[in-house]
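Below, each chain spelled out in residue letters.
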Amino acid sequence: MKCPFCSSFDTQVIDSRVSEEGDTIRRRRRCTACDRRFTTYERAELVMPAVVKRNGTRVEFDINKLRASLSLALRKRPVSTEDVDAAVARIEENLLVSGLREVESGKVGELVMSELRKLDQVAYVRFASVYKSFEDIGEFVKAIDEIQVPPRP
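Residues numbered from 1 in each chain as written. Predicted model: local features only at pLDDT ≥ 70, side-chain atom pairs only at ≥ 80, totals over all residues. Heavy atoms only, no water.

## Some details on the pairing of strand β2 (residues 24–31)
Short version of the rule: A pair of strands is treated as paired once DSSP finds two or more bridges between them. Numbered from the N terminus, helices here are DSSP runs of H or I no shorter than four residues, and strands are runs of E no shorter than two.
As paired elements, strand β1 (residues 11–18) and β2 share seven bridges and run antiparallel to each other. Paired with Thr11 across the strands is Cys31, a residue of β2. Connecting β1 to the next strand, β2, in antiparallel fashion are five residues, including Gly22 with a positive phi near 80°. Sheet topology note: the β2/strand β3 (residues 37–43) ladder contains seven bridges and is antiparallel. Residue Arg29 lies in a different strand from β3, and its bridge partner there is Phe38. Hairpin remark: β2 followed by β3, antiparallel, with five residues in the connecting loop; positive phi at Asp35, about 65°.

## Brief notes about the packing of helix α2 (residues 81–98) against helix α3 (residues 105–119)
The cut-off we apply is this: Axis lines are fitted to C-alpha atoms, over the contacting stretch for helices. Their N-to-C directions set the angle, which ranges from 0 to 180 degrees. Each crossing is labelled by how the near helix is turned from the far one, with a counterclockwise turn of less than a right angle marking it left-handed and a clockwise turn marking it right-handed. Every residue pair with non-hydrogen atoms within 4.5 Å of one another is taken to be in contact. For this classification, Asp, Glu, Lys and Arg are treated as charged, while Ala, Val, Leu, Ile, Met, Phe, Trp, Tyr, Cys and Pro are nonpolar and the rest, including Gly, are polar.
Viewed as axis vectors pointing N to C, α2 and α3 meet at an angle of 145°, and their least axial separation amounts to 10 Å. Crossing handedness for the pair α2 and α3: right-handed. Contacts between α2 and α3 pair Asp83, Ala87, Arg90, Ile91, Asn94 and Leu95 from the former with Val108, Leu111, Val112, Glu115 and Leu119 from the latter. For the contact of α2 with α3, the class distribution of residues is seven nonpolar, one polar and three charged.

## Quick notes on the sheet that holds strand β5 (residues 58–59)
Pairing is mixed across the open sheet formed by three strands, whose spatial order is β5-β4-β6. Each of the sheet's edge strands pairs with one partner strand only, and the pair in question is β5 and β6 (102–104). Two elements, strand β4 (residues 50–52) and β5, share two bridges in a ladder whose sense is antiparallel. Looking at the pairing, Val52 lines up with Arg58 of β5. Sheet strands touched by α3: β4 and β6. Its angle to β6, the strand with the most contacts, is close to 70°.

## Focus on unusual backbone geometry
For clarity, the threshold we go by: The rule is simple: take the accessible area with a 1.4 Å probe, protein chains only, and divide by the maximum for that residue type; under 20% is buried, over 50% is exposed, in between is partly exposed.
The residue Ser7 is not glycine, and still its phi comes out positive at about 70°. Following the sequence through the fold, Ser7 ends up in the segment before β1. Positive phi outside glycine occurs at Lys76, with the angle close to 60°. Position of Lys76 relative to the elements: it lies in the loop between α1 (63–73) and α2. With a relative accessible area of 76%, Lys76 lands in the exposed category.

## Some details on the packing of aromatic side chains
Note the threshold: Two rings from Phe, Tyr or Trp (for Trp, the six-membered ring) form a pair when their centres are within 6.5 Å of each other. A pair whose planes differ by under 30 degrees is stacked, one over 60 is edge-to-face, and the rest are tilted. Note on geometry: a ring has a charge over it if NZ (lysine) or CZ (arginine) is within 6 Å of the ring centre and within 35 degrees of the ring normal.
Scanning all chains against the criterion turns up zero aromatic pairs. The ring of Phe5 has Arg36 sitting right over it, with the charged end atom 3.9 Å from the ring centre.

Quick look at the structure:
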(Lines give C-alpha, C1' and ligand atoms only; values in the text may rest on other atoms or scores of the structure.)
Protein backbone atom coordinates (compact mmCIF):
# COMPACT_ATOMS: atom_id res chain seq x y z
CA MET A 1 0.00 0.00 0.00
CA LYS A 2 1.41 3.36 -1.02
CA CYS A 3 1.77 5.97 1.72
CA PRO A 4 -0.47 8.99 0.97
CA PHE A 5 2.07 11.31 2.60
CA CYS A 6 5.48 10.33 1.17
CA SER A 7 4.46 7.83 -1.59
CA SER A 8 6.61 5.06 -0.14
CA PHE A 9 5.38 1.52 -0.75
CA ASP A 10 6.90 0.27 2.51
CA THR A 11 3.99 0.27 4.99
CA GLN A 12 2.95 -1.99 7.85
CA VAL A 13 -0.51 -2.99 9.06
CA ILE A 14 -0.86 -2.07 12.73
CA ASP A 15 -4.48 -3.05 13.33
CA SER A 16 -7.33 -4.69 11.34
CA ARG A 17 -11.02 -4.65 12.20
CA VAL A 18 -14.13 -5.90 10.44
CA SER A 19 -16.96 -3.35 10.15
CA GLU A 20 -20.20 -3.90 12.05
CA GLU A 21 -21.96 -4.86 8.82
CA GLY A 22 -19.17 -7.32 8.03
CA ASP A 23 -18.70 -6.04 4.48
CA THR A 24 -15.48 -4.04 4.93
CA ILE A 25 -12.17 -4.38 6.73
CA ARG A 26 -10.60 -1.28 8.28
CA ARG A 27 -6.82 -1.38 8.42
CA ARG A 28 -4.66 1.03 10.39
CA ARG A 29 -1.28 1.36 8.68
CA ARG A 30 2.10 2.93 9.44
CA CYS A 31 4.60 4.08 6.85
CA THR A 32 8.10 2.84 7.70
CA ALA A 33 9.68 5.68 5.70
CA CYS A 34 7.95 8.73 7.24
CA ASP A 35 6.40 7.05 10.32
CA ARG A 36 2.95 8.58 9.63
CA ARG A 37 -0.23 6.62 10.12
CA PHE A 38 -3.26 6.29 7.86
CA THR A 39 -6.39 4.16 7.48
CA THR A 40 -7.45 2.04 4.53
CA TYR A 41 -10.66 0.13 3.87
CA GLU A 42 -11.06 -3.13 1.95
CA ARG A 43 -14.29 -4.37 0.45
CA ALA A 44 -15.21 -7.03 -2.08
CA GLU A 45 -15.44 -5.74 -5.62
CA LEU A 46 -18.74 -6.88 -7.04
CA VAL A 47 -19.46 -6.45 -10.72
CA MET A 48 -22.99 -5.56 -11.68
CA PRO A 49 -24.28 -6.93 -14.98
CA ALA A 50 -24.38 -4.63 -18.00
CA VAL A 51 -27.87 -3.47 -18.97
CA VAL A 52 -28.98 -4.27 -22.52
CA LYS A 53 -31.40 -1.58 -23.63
CA ARG A 54 -34.35 -2.14 -25.97
CA ASN A 55 -32.36 -0.85 -28.95
CA GLY A 56 -29.59 -3.39 -28.26
CA THR A 57 -27.01 -1.01 -26.81
CA ARG A 58 -25.25 -1.97 -23.61
CA VAL A 59 -24.70 0.42 -20.73
CA GLU A 60 -23.16 0.10 -17.31
CA PHE A 61 -25.64 -0.48 -14.48
CA ASP A 62 -26.19 2.86 -12.75
CA ILE A 63 -27.55 2.68 -9.21
CA ASN A 64 -28.17 6.44 -9.24
CA LYS A 65 -30.44 6.07 -12.27
CA LEU A 66 -32.31 3.28 -10.48
CA ARG A 67 -32.73 5.41 -7.36
CA ALA A 68 -33.86 8.39 -9.45
CA SER A 69 -36.52 6.27 -11.19
CA LEU A 70 -37.88 5.05 -7.88
CA SER A 71 -37.78 8.54 -6.39
CA LEU A 72 -39.64 10.01 -9.35
CA ALA A 73 -42.41 7.43 -9.10
CA LEU A 74 -42.58 7.93 -5.31
CA ARG A 75 -42.55 11.73 -5.48
CA LYS A 76 -44.91 13.22 -2.89
CA ARG A 77 -45.86 9.76 -1.64
CA PRO A 78 -45.65 8.73 2.04
CA VAL A 79 -42.71 6.32 1.64
CA SER A 80 -39.62 6.70 3.81
CA THR A 81 -36.09 7.05 2.46
CA GLU A 82 -35.18 3.88 4.35
CA ASP A 83 -37.86 1.94 2.46
CA VAL A 84 -36.57 3.28 -0.86
CA ASP A 85 -32.99 2.39 0.10
CA ALA A 86 -34.10 -1.12 1.05
CA ALA A 87 -35.90 -1.53 -2.29
CA VAL A 88 -32.80 -0.36 -4.18
CA ALA A 89 -30.66 -2.79 -2.18
CA ARG A 90 -33.03 -5.69 -2.96
CA ILE A 91 -32.97 -4.91 -6.69
CA GLU A 92 -29.18 -4.60 -6.65
CA GLU A 93 -28.82 -7.88 -4.72
CA ASN A 94 -31.22 -9.65 -7.09
CA LEU A 95 -29.07 -8.58 -10.06
CA LEU A 96 -25.83 -9.55 -8.32
CA VAL A 97 -26.95 -13.03 -7.28
CA SER A 98 -28.31 -13.72 -10.75
CA GLY A 99 -24.71 -14.22 -11.84
CA LEU A 100 -25.53 -12.77 -15.25
CA ARG A 101 -23.01 -10.64 -17.12
CA GLU A 102 -25.82 -8.87 -18.97
CA VAL A 103 -29.45 -8.21 -18.10
CA GLU A 104 -32.24 -6.88 -20.29
CA SER A 105 -33.52 -3.44 -19.30
CA GLY A 106 -36.98 -5.02 -19.19
CA LYS A 107 -35.85 -7.30 -16.35
CA VAL A 108 -34.66 -4.27 -14.37
CA GLY A 109 -37.99 -2.57 -15.05
CA GLU A 110 -39.89 -5.62 -13.81
CA LEU A 111 -37.81 -5.67 -10.61
CA VAL A 112 -38.58 -1.98 -10.07
CA MET A 113 -42.30 -2.56 -10.65
CA SER A 114 -42.27 -5.46 -8.19
CA GLU A 115 -40.68 -3.28 -5.50
CA LEU A 116 -43.01 -0.34 -6.19
CA ARG A 117 -46.01 -2.65 -5.98
CA LYS A 118 -44.96 -3.51 -2.42
CA LEU A 119 -44.14 0.09 -1.46
CA ASP A 120 -46.95 2.20 -2.89
CA GLN A 121 -49.79 1.46 -5.30
CA VAL A 122 -49.93 4.97 -6.76
CA ALA A 123 -46.19 4.94 -7.45
CA TYR A 124 -46.59 1.52 -9.07
CA VAL A 125 -49.22 2.84 -11.50
CA ARG A 126 -47.13 5.97 -12.19
CA PHE A 127 -44.07 3.92 -13.06
CA ALA A 128 -46.05 1.33 -15.04
CA SER A 129 -47.73 4.04 -17.11
CA VAL A 130 -44.37 5.36 -18.31
CA TYR A 131 -42.54 2.02 -18.41
CA LYS A 132 -45.26 0.25 -20.39
CA SER A 133 -46.12 3.37 -22.44
CA PHE A 134 -49.85 3.41 -21.64
CA GLU A 135 -51.84 4.80 -24.53
CA ASP A 136 -55.39 4.76 -23.19
CA ILE A 137 -57.40 4.62 -19.99
CA GLY A 138 -58.00 0.89 -20.41
CA GLU A 139 -54.33 0.20 -19.76
CA PHE A 140 -54.52 2.23 -16.52
CA VAL A 141 -57.56 0.21 -15.46
CA LYS A 142 -55.71 -3.03 -16.20
CA ALA A 143 -52.70 -1.88 -14.10
CA ILE A 144 -55.01 -0.94 -11.24
CA ASP A 145 -56.73 -4.33 -11.49
CA GLU A 146 -53.29 -6.00 -11.22
CA ILE A 147 -52.76 -4.21 -7.90
CA GLN A 148 -56.01 -5.59 -6.57
CA VAL A 149 -54.62 -9.14 -6.93
CA PRO A 150 -52.06 -9.97 -4.20
CA PRO A 151 -48.45 -10.00 -5.54
CA ARG A 152 -46.78 -13.34 -6.19
CA PRO A 153 -43.76 -14.09 -3.97
